[in-house]
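Coordinates in review
Residues per chain are reported as follows:
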Amino acid sequence: MKRVFLETYGCQMNVADSELMAGVLERAGFTLTGRPEDADAIVLNTCAIREHAEQRVLGRLGDFARLKAARPGLVVGVAGCMAQHLRAKLLDQSRVLDLVVGPDGYRHLPELLRRAADEPVAHVRLDRDETYGDLEPRRGDGVRAWVTIQRGCDKFCTYCVVPYTRGRERSLPLADLVRQVREAVARGFREVVFLGQTVNSYHDGTHDFADLLRAANALEGLLRIRYTSPHPADVGERLIAAMAECPRVCPQVHLPLQSASDRVLEAMRRTYTLDHYRGVVKRLRDAIPGLGLSTDIIVGFPGETEEDFERTCDYMAEVRYDSAFLFKYSARPDTRAHRLPETVSEEEKGRRLTRLIDQQQAISAEINAEWIGREVEVLVEGPARRTPEQLTGKSPQFKTVVFPGDGTRPGTLRRVRVVGATSQTLLGAAVVAAAPRLLPIG
Ligand code: SAH
Ligand code: SF4
Ligand code: F3S
């Protein structure tokens, strides 16, 4: 067995985990292929956050069942949160599967794949000591390196499956992380994104998250530092000061709110009130000029009344996020909220979601329009997806900027004047630097 096709679902932590798996596999002599038809083994790195995420994967397994019918030796595996969530049940449920491996089993992936060629294998033990701190990931192309600084989650929000699929919170040692970032920079990455489910509760026993930001800020060659997602209850003065004082830490925060009703926040066990959240936003905005702010919201949590929902609409109109990820509540087995009777119909969830999407889109469009006429600094990523003759990259606030191609190389900072905007994108024109003096040739 030689070639592995790896497909990733879910959040950025899963993207980072796939890079980790790719590294483990390559060192063990496997090669990665981009085409399932060419593979000896297929591994889906999956997500369990909402029911829909799991359904997509089950659908995809149907595709691979057909491939396997033609090539019986093909090994099909499911990794990640859905594997951990459903465990060995998945092997029974899906006849096509040979391997189920949870988020703490990736170190053993080569051996598990070899064993799965002979008989179905499940490795779903959570390991509170596993951080993969010693393993080099095989990072994808691009200017942005994802660095997992913390695994698991201890918050147990009542709707959320993550503490069950990823186990207890653990942080990687700061020295390992600094080494990882230094190596990523040496390989050409210009931006680092620190990842964790409650990234700001990072603590390696000696250093906290503010220490990590300051250590990364001191690294030569690194242009930008971001992180996701902080928990609103753990945003302290040390973090805000580090953001304000470190020029490479971008003025951008993704700060999940979930709901603006204290009653719902309490039922979700988010451990903060709207007033606390409001105070965090104020302190961040006071300390960091031009802060880009985004969030996650869930509509239709059990017991969410029309009045609770109105609170969320009102607060979102007040705070004016740059953007928001908006979700319909999805009951997850194992979680505490799963036992609550659902009081909001699918139809009503849909109505609330659409209402918020429309409201947020209008706000995003207004905020982006305010950028027209101003200059932004873009870290160029490469050709724009839909219009490859143009270049794209992000502003410090993490807004996508598209501007006419002018040969600027990926990984370079480019000043761009914003000349147009949609709710999603800033459209720019590169600012021409003062003309270089012509020197005689030869
Ligand atoms: N650790 C991060 C979020 C992880 S999951 C945090 O605490 O903010 C990403 C988002 O998915 C969450 O912020 C939440 O908005 C959403 N989500 C999680 N569980 C959900 C569920 N059961 N139904 C709907 N959305 C959910
Ligand atoms: Fe889930 Fe809450 Fe942990 Fe985020 S903080 S991963 S929402 S339990
Ligand atoms: Fe991420 Fe989905 Fe797991 S959001 S942590 S891959 S459940």
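Residues numbered from 1 in each chain as written. Chains lettered and ligands numbered in written order. Predicted model: local features only at pLDDT ≥ 70, side-chain atom pairs only at ≥ 80, totals over all residues. Heavy atoms only, no water.

Another aspect to go through is the site of ligand 1. For ligand 1, the set of nearby residues contains 14 residues, the closest of which are Q197, P256, Q258, D296 and S330. Residue R50 places a side-chain N or O atom 3.1 Å away from a nitrogen atom belonging to ligand 1. Contact distances for ligand 1 include 2.8 Å between a nitrogen atom and a backbone N or O atom of S330. Calculation on ligand 1 without its partners gives an accessible area of 540 Å², and the protein chains cover 90% of this total. Those elements that provide at least two residues to the shell around ligand 1 are β13 (292-299) and β14 (323-328). The class makeup of the residues in the shell around ligand 1 is six nonpolar, three polar and five charged. (Near = heavy atom within 4 Å. Polar contact = N/O pair within 3.5 Å; in protein donor to acceptor, adjacent residues only side chain to side chain. Areas by Shrake-Rupley, 256 points an atom, 1.4 Å probe, with all protein chains shown as cover. Helix = DSSP H or I, 4+ residues; strand = E, 2+ residues; numbered from the N terminus. Nonpolar A, V, L, I, M, F, W, Y, C, P; charged D, E, K, R; others polar.)

Per the stated rule, a full pass over the model turns up 44 salt bridges. Across the pair D286 and K282 runs a salt bridge, and its minimum N-O distance is 2.6 Å. In this pair, D286 and K282 both sit in helix α11 (residues 274-287), four residues apart, roughly one turn of the helix. According to the relative accessible area criterion, K282 is exposed, its value standing at 52%. Between R417 and E375 there is a salt bridge, with the nearest N and O atoms lying 3.1 Å from each other. (Salt bridge = Lys/Arg side-chain N within 4 Å of Asp/Glu carboxyl O. Buried < 20%, exposed > 50% of the residue type's maximum accessible area, 1.4 Å probe, protein only.)

Take the packing of aromatic side chains next. A complete count under the given rule lists eight aromatic pairs for this structure. When the ring of Y106 is compared with that of Y132, the centres are 6.1 Å apart and the planes differ by 10°; the resulting orientation is stacked. Within this pair, whereas Y106 is found in the loop between β5 (99-101) and α5 (109-116), its partner Y132 is found in the loop between β6 (121-123) and β7 (144-148), the two being separated by 26 residues in sequence. For Y132, a relative accessible area of 2% puts it in the buried group. Relative to Y164, the ring of F156 lies with its centre 5.4 Å away and its plane at 80°, an arrangement referred to as edge-to-face. Here F156 falls in the partly exposed class, since its relative accessible area comes to 24%. By the ring-pair criterion, three or more aromatic residues cluster together here, those being Y159, F301 and Y329. Sitting over the face of the ring of F327, R50 holds its NZ or CZ atom 3.8 Å from the ring centroid. Seen from the ring of F398, K394 lies directly overhead, with NZ or CZ sitting 5.0 Å from the centre. (Phe/Tyr/Trp six-rings, centres within 6.5 Å; stacked < 30°, edge-to-face > 60°. Lys NZ or Arg CZ within 6 Å of the ring centre and 35° of its normal.)

For the rest of this paragraph, the subject is the domain arrangement of the chain. One can read the domain layout of the chain as domain 1 (3-123), domain 2 (139-250), domain 3 (281-369) and domain 4 (375-430). Computed over C-alpha atoms only, the centres of domain 2 and domain 4 are separated by 25 Å. Tallying the contact residues gives eight residues for domain 2 and 13 residues for domain 4. Applying the counting rule to domain 2 against domain 4 returns one salt bridge. (Domains from an automatic or database assignment. Contact = heavy atoms within 4.5 Å.)

Ranked by internal contacts, the top residues of the largest apolar core, which has 54 residues, are F194, F209 and L213. Counting the residues that make up this core, at least three belong to each of domain 2 (139-250) and domain 3 (281-369). Sequence-distant contacts of F209, that is, excluding residues within four places in its chain, are made with I149, F194, V199, N200, Y202, Y227 and L239. (Core = buried A, V, L, I, M, F, W, Y, C linked by side-chain atoms within 4.5 Å.)

With four of five residues buried, strand β11 (residues 224-228) lies mostly within the body of the structure. Where strand β10 (residues 191-195) and β11 come together, five bridges link them in parallel fashion. In the sheet register, E191 faces β11, and the bridge partner there is R224. Following the chain from β10 across helix α8 (residues 209-217) to the adjacent parallel β11, one finds a crossover that is right-handed. (Pairing = 2+ DSSP bridges. Right-handed = clockwise from strand over helix to strand, strands pointing away.)

So, about the side chain of N45. Here N45 is to be found in strand β3 (residues 41-46). Here the side chain of N45 touches N14 through a polar contact of 3.0 Å, landing on its backbone oxygen. Reaching out from N45, the side chain makes a polar contact with the side chain of S18 at a distance of 3.0 Å. When near neighbours in sequence (up to four residues on either side) are disregarded, N45 contacts E7, T8, Y9, N14, D17, S18, M21, A79, G80 and Y106.

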